[in-house]
Amino acid sequence: MAKLSLVFFLLLMALLSSTCNATPRKRVGIYELKKGNFSVKVTNWGATITSVILPDSKGNLADVVLGFDGLGPYINNSAYFGALVGRVANRIAGGRFVLNGTVYRLFRNSGNNTLHGGHRGFSHVIWTVKEIVGGDFPSITLYYHSFNIEQGFPGDLDVYVTYSISGDYHLSVTMHGKSLTEATPVNLAQHSYWNLRGHNRGTILSHTVQIFASRITPVDAYLIPTGRLTPVRGTPYDFLEPETVGSRIDRVPGGYDINYVVDGTDDKGWRRVAVVGEGETGRRMEVWADQPGVQFYTGNFLAGVRGKGGAVYEKHAALCLETQGFPDAVNHPNFPSQVVPAGEEYHHNMLFKFSF
């Protein structure tokens, strides 16, 4: 029988409201969604996935996402392990954009650019637990109110994310927001780091990856898109057929960190984004979503990060597949728009299907 249980709980800090008046202290905890031997743990600090435990082909259980012991290290989680990032995921060039004739200047936290919504983006705030559902398909819904000019972004925005075990070894992530007062860009992304062998089992270079995308948005030296769309066929970025991560990574300086333009869609907007496989354990992960892009990242900046159970995460210890709108779309009119007009809604749906 599936169950959802609160496994850890503490008071962390007082937040300031949009009027800068102190609000009552909010509780931060770790919550578990469980169905049989499939377990997902989530904290309302940054709406973060802290653990995903599932069996391999021999029935052995392992945690397949990188993370930390306890909540403390997540406060300064510069790697964004498992976090829900926004208001705008990925990079915005120069920490600025123009919308409806107004120049908005953002908090720059990646050199001269803004990354994942600024230094105090949605990954570094306390979300409110709105609903917990038990039973055969357990879920948790988290809510955050982002105020006007938070990190420089215009308009008040209500944001929700629901994590649910929606089937046998299926994890659904449902994100939506509503722009309340002004048009604003919104681009949320789920930033879990996956190692299907186990979070403490070395690199992902032997994992096989297939990405259903014929083009990428190439970037400059600062990882800002140039505005072009280029084909992957015959390049080191070609994962149209399954390839090991390490097969051509030496031809990509530093490793993969690029947005793919996902091919196709069904009548409901869903796209099969990627398939990841790990031969030793037999674990397999399919990623489905309804967004036009996916960031493929191979943990290039990990170096000596102390994680769960004393594990030390080094370069290429995991991979990320972050479905999203195109990076820096606010500065590229030819990219699909991420602007949500006042009174309208943003939606982003993901599904992870695991097998072994």
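How each quantity is defined
By convention here, each chain's residues receive numbers from 1 onward along its written sequence. Side-chain atom pairs in this predicted model are given and counted only at pLDDT of 80 or more, local residue features only at pLDDT of at least 70, and totals for whole chains, interfaces and linings cover all residues. No hydrogens and no water enter the side-chain calculation; it runs on all heavy atoms of the structure. UniProt positions are given in the numbering used here, feature names are shortened, and annotations may be inferred rather than shown by experiment. In this analysis the probe radius is 1.4 Å and the grid spacing 1 Å, with only protein atoms considered; a cavity is a set of points the probe fits into but cannot get out of, a pocket is an open set with protein on both sides within 12 Å along at least five of seven lines, and lining residues have an atom within 4 Å of a point. Grid points are joined across faces, edges and corners, and a volume is the space filled by probe spheres set on the points. Put simply, DSSP H or I for four residues or longer makes a helix, DSSP E for two residues or longer makes a strand, and each gets a number counted from the N terminus. Here the nonpolar group is Ala, Val, Leu, Ile, Met, Phe, Trp, Tyr, Cys and Pro; Asp, Glu, Lys and Arg are the charged ones; every other residue, Gly included, is treated as polar. In what follows, a contact means two residues having at least one pair of non-hydrogen atoms within 4.5 Å. Exposure classes here rest on a 1.4 Å probe applied to the protein chains alone. A residue is buried below 20% of its type maximum, exposed above 50%, and partly exposed in between. For two strands to be treated as a pair, DSSP must find no fewer than two bridges joining them.

For the chain, the name recorded in an unreviewed UniProt entry is Aldose 1-epimerase, with Zingiber officinale as its organism. Here is the UniProt Pathway (unreviewed entry) comment for the chain, exactly as written: "Carbohydrate metabolism; hexose metabolism." Checking UniProt for the chain, the heading Catalytic activity (unreviewed entry) contains the comment "alpha-D-glucose = beta-D-glucose".

Student: Sorry, what's going on with empty space enclosed by the protein here?
Tutor: Over the atoms, a rolled probe matching the size of one water molecule traces out where space is still vacant. Following the criterion strictly, the structure yields three cavities of 30 Å³ or more and no others. Of the voids in this model, the largest cavity is the one considered here, and its volume is about 50 Å³. Every residue lining the largest cavity is listed: Asn90, Arg91, Thr217, Val219, Leu223, Pro225, Asp257, Ile258, Asn259, Gln295 and Pro327. The dominant element in the lining of the largest cavity, judged by the number of residues it contributes, is strand β21 (residues 257-262), at three residues. Residue classes in the lining of the largest cavity are distributed as five nonpolar, four polar and two charged.

Student: Got a minute to help me understand the side chain of Gln338 in this structure?
Tutor: By the element assignment, Gln338 lies in the loop between β27 (320-324) and β28 (339-340). The contact partners of Gln338, leaving out residues within four places of it in the chain, are Val88, Thr184, Pro185, Val186, Asn187, Gly325, Phe326 and Ala329.

Student: Just to check I follow, could you spell out unusual backbone geometry for this structure?
Tutor: With an omega of 15 degrees, the peptide bond between Gly86 and Arg87 qualifies as cis. Mapping Arg87 onto the fold places it in the loop between β6 (83-85) and β7 (91-92). Residues other than glycine seldom take positive phi values, yet Ala47 does so here, at roughly 50 degrees. Here Ala47 is to be found in the loop between β3 (38-43) and β4 (48-55). Accessibility expressed as a relative area gives 0% for Ala47, which makes it buried.

Student: Just to check I follow, could you spell out the pairing of strand β24 (residues 293-297) for this structure?
Tutor: Remember that side chains alternate between the two faces of the sheet whenever the strand is regular. Counted residue by residue, β24 has five buried out of five residues, so it is predominantly covered. Of the pairings in the sheet, the one linking β21 to β24 comprises five bridges and is antiparallel in character. Bridge pairing in β24 places Val261 opposite Gly293.

Student: Even after reading the chapter, I still don't get the sheet that holds β27, so can you show me in this structure?
Tutor: Pairing between the strands of a sheet comes from backbone hydrogen bonds, and it takes one of two forms, parallel or antiparallel. In spatial order, the strands read β19-β18-β21-β24-β27; together these five strands make up an open sheet with antiparallel pairing. Looking at strand neighbours, the two that pair on one side only are β19 (230-231) and β27, the edges of this open sheet.

Student: Help me understand the layout of surface pockets in this model?
Tutor: Approximately 330 Å³ is the volume found for the largest pocket. Around the largest pocket sit 17 residues that line it, and Arg91, Leu115, Tyr193, Tyr297 and Phe301 are the ones nearest its centre. A per-class count over the lining of the largest pocket returns nine nonpolar, five polar and three charged.

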